[in-house]
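# Summary of structural features
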Amino acid sequence: DSEGFHSKAFTTIKEMLEEKKKAPMKKWKAVRVRFESRPFGMTPYKAGGYPIDADPTKPRPATAYIVEKVNSNDPSKPAWKLGVRPGWVLTAVNGKELAMHSLEEIQQAMREAVVPCILDFDVPPKDKAEKQKQKEAAKPTTRESRERAETQ
């Protein structure tokens, strides 16, 4: 809308953080990614974020860089190739903690970072259905299995 608040993205962030609160047994994983070139090929949610301990129903200035999209089509943008996926939360750039900074400050730090650049992320846990889907997608396919699938 005109105030820069996107309700869909806010709702998504709210749900992700509520899930993180509800599922203490499912730990988020810390992942470090080294980028050798720019542009990185990631787009953040542009909604108002909020600290995890704050009331998620009240919009606030963005305080997180949560990856909304990763460009998988352009080989000059390395994020997808390096394994970055939507839903990941950027926590640090070249060792500088940025978890509670505004989105603008985080993006500025990314622009100013010397390449090669190390980005640290928190990765949300995957549910069982998502893990199974990824296993199926990773299975090598043979010509015969592709032909069988096409005839069905």
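Whatever comes next refers back to the structure up there.
Notes on the structure follow. The structure displayed is predicted, hence computed values, not measured ones.

### Looking at the side chain of Thr91
One can find Thr91 in strand β4 (residues 89-93). Sequence-distant contacts of Thr91, defined by excluding residues within four places in its chain, comprise Lys96, Glu97, Leu98, Ala99, Asp120, Phe121 and Asp122.

### Let's talk about unusual backbone geometry
Following Arg38, the chain continues into Pro39 via a peptide bond in cis, with omega recorded as -10 degrees. Residue placement: Pro39 occurs in the loop between β1 (29-35) and β2 (42-44). Cis geometry is found at the peptide bond from Val115 to Pro116, where omega equals 5 degrees. With respect to the secondary-structure elements, Pro116 resides in the loop between α2 (103-112) and β6 (117-123). Even without glycine at this site, Asn94 takes up a positive phi of about 50 degrees.

### Considering the pattern of salt bridges
Under the counting rule described, the total for this entry stands at two salt bridges. Of the charged contacts in the structure, one is a salt bridge between Arg32 and Asp120, with a shortest N-O distance of 2.7 Å. Here Arg32, found in strand β1, pairs with Asp120, found in strand β6; they are 88 residues apart in sequence, far enough to count as distant. Looking at Asp120, the relative accessible area reads 12%, which means it is buried. A salt bridge links Glu36 to Arg34; the nearest nitrogen and oxygen atoms lie 2.5 Å apart. The partly exposed category is assigned to Arg34, whose relative accessible area is 45%.

### Structural notes on the nonpolar core
Formed by 22 residues in total, the largest nonpolar core has its most connected members in Met42, Val84, Met110, Leu119 and Phe121. Elements with a contribution of two residues or more to this core: β1, β3 (65-70), β4, α2 and β6. With residues near it in sequence (within four places) discarded, Leu119 still touches Val31, Arg32, Val33, Phe35, Phe40, Met42, Leu90, Ala92, Val93 and Met110. One finds Met16, Leu17, Tyr45 and Val89 within the second-largest nonpolar core, a separate group that totals eight residues.

So, how was this worked out
- Going along each chain's sequence as written, the residues are numbered from 1 onward.
- Owing to the predicted nature of the model, reporting of local features is limited to residues with pLDDT of at least 70; listing and counting of side-chain atom pairs is limited to 80 or more, with chain, interface and lining totals taken over all residues.
- Computation of side-chain values covers all heavy atoms of the structure but excludes hydrogens and water.
- Helix and strand assignments follow DSSP, with helices taken as H or I runs no shorter than four residues and strands as E runs no shorter than two, numbered in order from the N terminus.
- Whether two residues are in contact is decided by their heavy atoms: any pair within 4.5 Å suffices.
- Salt bridge, as used here, is a side-chain nitrogen of Lys or Arg placed within 4 Å of a carboxyl oxygen of Asp or Glu.
- Each residue is assigned to one of three classes by its accessible area relative to the maximum for its type, calculated with a 1.4 Å probe on protein chains only: buried under 20%, partly exposed between the two thresholds, exposed over 50%.
- Working definition of a nonpolar core: buried Ala, Val, Leu, Ile, Met, Phe, Trp, Tyr and Cys residues. They are joined through side-chain atoms within 4.5 Å.

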